[in-house]
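# An overview of the molecular structure
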Amino acid sequence: MFHGSPRALNEYLHNVDDLELFRDIIKDYPADIYIFGHTHVPYTKEIAGKLFINAGSVGLPKDGNPDACYVIIELNGFHKVTFHRASYPTEQTANAIINEGLPKEFAEIVRTGKPK
């Protein structure tokens, strides 16, 4: 498990990235399952029998759905990945972001689930 990639905390692993990027990670950091975030967009991708899981985001989603996202992974001889959503007080959270002087763009992402 890591935030961005096993190579760098701030490296993005987007679902649409070139497969060579994922193959390099498999080669340099061998594992069966890779769990990460950073893009704030949940997805799964299987490459060369290895499973990549982006768990999404609890508080700053960027996939068009403002609800918190989390993942449950079942490893009972097979890999079952289920993404779940939970609503939370997004408007209250957005207002707190603004009141704390944080970027207004963060508040808008919380409200809409979409970055500008």
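Residues numbered from 1 in each chain as written. Predicted model: local features only at pLDDT ≥ 70, side-chain atom pairs only at ≥ 80, totals over all residues. Heavy atoms only, no water.

Consider a sheet: its strands pair through backbone hydrogen bonds, and that pairing is either parallel or antiparallel. With mixed pairing, three strands are arranged side by side in an open sheet as 1-3-2. With one partner strand each, in any of the chains shown, strand 1 (33–36) and strand 2 (43–47) form the two edges of the open sheet. The mean inter-strand angle of the sheet, taken between neighbouring strand axes irrespective of direction, is 15°. Alignment of strand 2 against strand 3 (residues 50–54), held across five bridges, turns out to be antiparallel. Across the sheet, Lys45 pairs through a bridge with Phe52, a residue of strand 3. (Pairing = 2+ DSSP bridges. Helix = DSSP H or I, 4+ residues; strand = E, 2+ residues; numbered from the N terminus. Axes fitted to C-alpha atoms, helices over the stretch in contact; angles between N-to-C directions.)

Detailed conclusions should not be drawn from predicted coordinates in areas where pLDDT is low. For the chain, the average pLDDT comes to 95, and 100% of its residues sit at 70 or higher. Confidence, expressed as mean pLDDT per element, reaches its minimum in the chain at strand 4 (residues 68–75) with 94 and its maximum at strand 1 with 97. (pLDDT = per-residue confidence, 0-100.)

If you walk through the whole model with that rule in mind, you get seven salt bridges. Put simply, Arg7 and Glu11 hold a salt bridge, and the shortest N to O gap is 2.5 Å. Glu20 is the salt-bridge partner of Arg23, the closest N and O atoms lying 3.9 Å from each other. With Arg23 and Glu20 both in helix 1 (residues 19–28) and three residues apart, this pair spans about one turn of that helix. The exposure class of Arg23 is partly exposed, given its relative accessible area of 42%. One network of salt bridges, with partners in common, ties together Glu91, Glu108 and Arg111. (Salt bridge = Lys/Arg side-chain N within 4 Å of Asp/Glu carboxyl O. Buried < 20%, exposed > 50% of the residue type's maximum accessible area, 1.4 Å probe, protein only.)

Okay, unusual backbone geometry next. Of note, His38 is a non-glycine position whose phi angle comes to about 70°, a positive value. Examined against the element boundaries, His38 turns out to sit in the loop between strand 1 and strand 2. Backbone geometry at His40 places phi at a positive 65°, although glycine is not the residue there.

Regarding helix 3 (residues 104–112), the residues found buried are Ala107, Ile109 and Val110. Relative to the axis of helix 3, the buried residues are bounded by an arc of 160° and lie together on one face. Those residues of helix 3 hidden inside the fold are in contact with helix 2 (90–99). Just beyond helix 3, the residue with positive phi is Gly113, at close to 75°. (Arc of directions from axis to C-beta. Contact = heavy atoms within 4.5 Å.)

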